[in-house]
Amino acid sequence: MTSRNKDDPKVMDEEELAQKAMGDCGRWQLTIILLLSLLKLPISWTQLGIVFLAAPVPFRCANSSYACLTEDRDSCSEWKYDRSVFSETIVTEWDLVCSRSQLVNITQMVLMIGILIGNIIFSIAADRYGRKMPLILSGVLQMATGCCASFAPWFSVFLILRFLQAVATGGAMTIGFVLCMEILSGKWRTTVTTLSHIPYSIGHETMVGIAYYTRNWRLFQLAVSLPSILIITFIWLIPESPRWLMAVGRHEEALQILKSAAAANRNQLPDEIAFSKTEKQRIQMEEKKPTILDLLRTPNLRKRTLAMCFNWMACGLGFYGLAQYISTIGGNVFINVAISGMFVIPAMMVTLLTLDRFGRKATLIGGHILASISCFLIIFFPEVPGKSDLPRVALASLGILGICTSFTTVYLYSGELFPTVVRNVGIGSGSMSARVGSMIAPFVASLSSGSDILTPLVFSLVPLTAAILGLLLPETKGCQLPQTIEEGEAYGSGTETTNKNLAGVRNDAFENDRQV
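Residues numbered from 1 in each chain as written. Predicted model: local features only at pLDDT ≥ 70, side-chain atom pairs only at ≥ 80, totals over all residues. Heavy atoms only, no water.

Draft legend 1. Spotlight on the state of the cysteines. Tallied over the full model, the rule gives two disulfides. Across the disulfide, C61 is cross-linked to C76 (sulfur-sulfur distance 2.0 Å). The disulfide joining C61 to C76 has a torsion of about 95 degrees about its S-S bond and is therefore right-handed. Note that C61 is positioned in strand β2 (residues 59-61) and C76 in the loop between β2 and β3 (79-81), a separation of 15 residues in sequence. (Disulfide = S-S within 2.5 Å. Helix = DSSP H or I, 4+ residues; strand = E, 2+ residues; numbered from the N terminus.)

Written out as structure tokens, the structure reads:
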């Protein structure tokens, strides 16, 4: 071991420096997280807005008492709508009824496709150009396309603009989450990952108030799109991710931000700092970067990846499907949607209490089972004229509580289950699976128009299947996380002790090298 002059720069690993400057969570992080949480409001409004944009409206053929046929049993070409609740929706504006009713589901499917594409495009942009500017761009694009959609003269134009708004929404979702994770450490990553869904629930509830006072889809669309313009203030209020800056070699910029973080959180840094990782080492690491195929090459990882992706899909299908299904149940649509949104925050609290007490696996499976049983019981409360719809609303809301518990868990569970070298790829694959589920969701929800049984039956069987597949996953609570593909393959197969010893050897070696 060689001695180091006290005036020489201290050689530090990038992760060590980030941890020393920022700490786990302090005033600096809390300020940024609170600002980023505001993004959840327009994200929620965009994703769930279809329940009011295309709210169910009683209608009949203009010259008949039938809904889709004339008195002569010909197909109807003009309709009269009950405008006592909503003066105008996209259904009444463009006659999305009868043979055109599936266009409502296609609208929501296009939205989810846009979010999926936005996840991919903005993730690439964030890795190449940083987190901050793509995040701001996504917010501005979300505002511009959303406002333009409120003035769309034709349904096709509305569909295109909603798709572009969804692309921007997908970018804001992804980058905001990544930025939060990159400024946090330790147990706070678990806590914030769970609590980050609460602003989304607040958006769910405030959306009801916006819809109640607008009663017109154009005003509603404008009202939920305009607030995104405030993201422009992030130019001055939000810093670039210091971990990303260090990863791409922009050390001076990273140091300036880390010094600000250290000052705000009252952490001490050496006066002079040198980095241990050279540019050559960085390039070599990038060249050896694993891909999604590495998750499918070996039997254990393949089994867990597929099981986890199905769990993500079930969460997307259940959450967005039940949210839309509740809006089709009879009664007051505003009260129904408000009740369903009230169950999201309790789900977060349940998750926080059970994750460390009972483990990730039990929490994930328990949430799915609760959703499955609740949805199955809806079958025994069919729609009957003059009879209260409250039991179906309550059971569907309880299903949302269960599925939200699983949805919150699956984020953390995936982050702990996949090896470090493919963790982002693993979570990204799961997120894409959730988007697939959310694309299918409106079509499943619309099955209720033909049968009282089909929709709750599907919403019951899918989470039940996810719970069964969850049994294939190893518990990650308190375990040493796998770092390499080899460790990921052995993880949960009875060789965790070996993995912990290997990790300990790596940590000891790192500490020795750092002190030289």
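Next comes the rest of the write-up.
Draft legend 2. Structural view of empty space enclosed by the protein. Applying the stated criterion to the full structure yields three cavities of 30 Å³ or more. Taken together, Q47, L48, I50, V51, Q108, Y320, A323, Q324, S438, A441 and P442 form the lining of the largest cavity. Of all the elements in the fold, those that place two or more residues in the lining of the largest cavity are α3 (40-48), α4 (50-53), α16 (299-328) and α21 (423-445). By residue class, the composition of the lining of the largest cavity is seven nonpolar, four polar and no charged. (1 Å grid on protein atoms, 1.4 Å probe; cavity = no way out; pocket = protein on both sides within 12 Å on 5 of 7 lines; lining within 4 Å. Points joined across faces, edges and corners; volume = space filled by probe spheres on them. Nonpolar A, V, L, I, M, F, W, Y, C, P; charged D, E, K, R; others polar.)

Draft legend 3. Looking closely at unusual backbone geometry. Of note in the backbone geometry, R215 takes a positive phi value of approximately 60 degrees without being a glycine. Mapped onto the fold, R215 is located in the loop between α10 (198-214) and α11 (217-225).

Draft legend 4. Region of the structure containing the packing of helix α17 (residues 333-342) against helix α20 (residues 390-417). The contact between α17 and α20 brings their axes to 8 Å, and the two run at 35 degrees. For α17 against α20, the interelement crossing comes out right-handed. Between α17 and α20, the residues in contact are N336, I339 and S340 and V393, S397 and I400, respectively. Per-class residue counts for the contact of α17 with α20 are three nonpolar, three polar and no charged. (Axes fitted to C-alpha atoms, helices over the stretch in contact; angles between N-to-C directions. Left-handed = near helix turned anticlockwise from the far one by under 90°. Contact = heavy atoms within 4.5 Å.)

Draft legend 5. Just the nonpolar core, in detail. Counting 132 residues, the largest nonpolar core has L36, F52, F158, F234 and F319 as the members making the most contacts within it. Broken down by element, the residue count for this core peaks at 14 residues, all from α16. Not counting residues within four places of it along the chain, the set of residues in contact with F158 comprises L53, I90, W94, T107, A149, A152 and W217. (Core = buried A, V, L, I, M, F, W, Y, C linked by side-chain atoms within 4.5 Å. Buried < 20%, exposed > 50% of the residue type's maximum accessible area, 1.4 Å probe, protein only.)

Draft legend 6. Structural view of the environment of S397. Among the structural elements, S397 can be located in helix α20. Considered as a pair, S397 and A323 are 74 residues apart in the sequence and their alpha carbons are 8.4 Å apart. Leave out the neighbours within four places in its chain, and S397 touches I326, I339, S340 and F343.

Draft legend 7. How the structure looks around the pattern of salt bridges. With the rule as written, the count across this model stands at seven salt bridges. Note that E93 is salt-bridged to R218, the shortest N-O span being 2.8 Å. Separated by 125 residues along the polypeptide, E93 in helix α5 (residues 90-94) and R218 in helix α11 bring together distant segments of the chain. It is possible to trace a salt-bridge network through shared partners that takes in D127, R131 and E182. (Salt bridge = Lys/Arg side-chain N within 4 Å of Asp/Glu carboxyl O.)

Draft legend 8. Structural detail: α20. Between its first and last C-alpha, α20 extends 40 Å over 28 residues, near the 40 Å set by a 1.5 Å rise per residue. Its axis deflected by about 25 degrees at V410, α20 carries its strongest bend there. (Expected span 1.5 Å × (residues − 1). Bend = angle between axes of the 7 residues up to and from the residue.)

Draft legend 9. Representation of the packing of aromatic side chains within the structure. The final tally for this structure, using the stated rule, is 20 aromatic pairs. Pairing W312 with Y411 gives two aromatic rings, centres 4.8 Å apart and planes at 65 degrees, and the pair type is edge-to-face. One end of the pair, W312, is in helix α16; the other, Y411, is in helix α20, with 99 residues separating them in the sequence. The buried category is assigned to Y411, whose relative accessible area is 18%. For the pair F376 and F380, a centre-to-centre distance of 5.7 Å together with 75 degrees between the ring planes defines the contact as edge-to-face. Its relative accessible area of 56% is what places F380 among the exposed residues. An aromatic cluster is defined as three or more aromatic residues linked by ring pairs; in this entry it consists of F52, F86, Y212, Y213, F220 and F334. Seen from the ring of Y212, R215 lies directly overhead, with NZ or CZ sitting 4.4 Å from the centre. (Phe/Tyr/Trp six-rings, centres within 6.5 Å; stacked < 30°, edge-to-face > 60°. Lys NZ or Arg CZ within 6 Å of the ring centre and 35° of its normal.)

Keep in mind that these numbers describe shape and distance, not what the molecule does.
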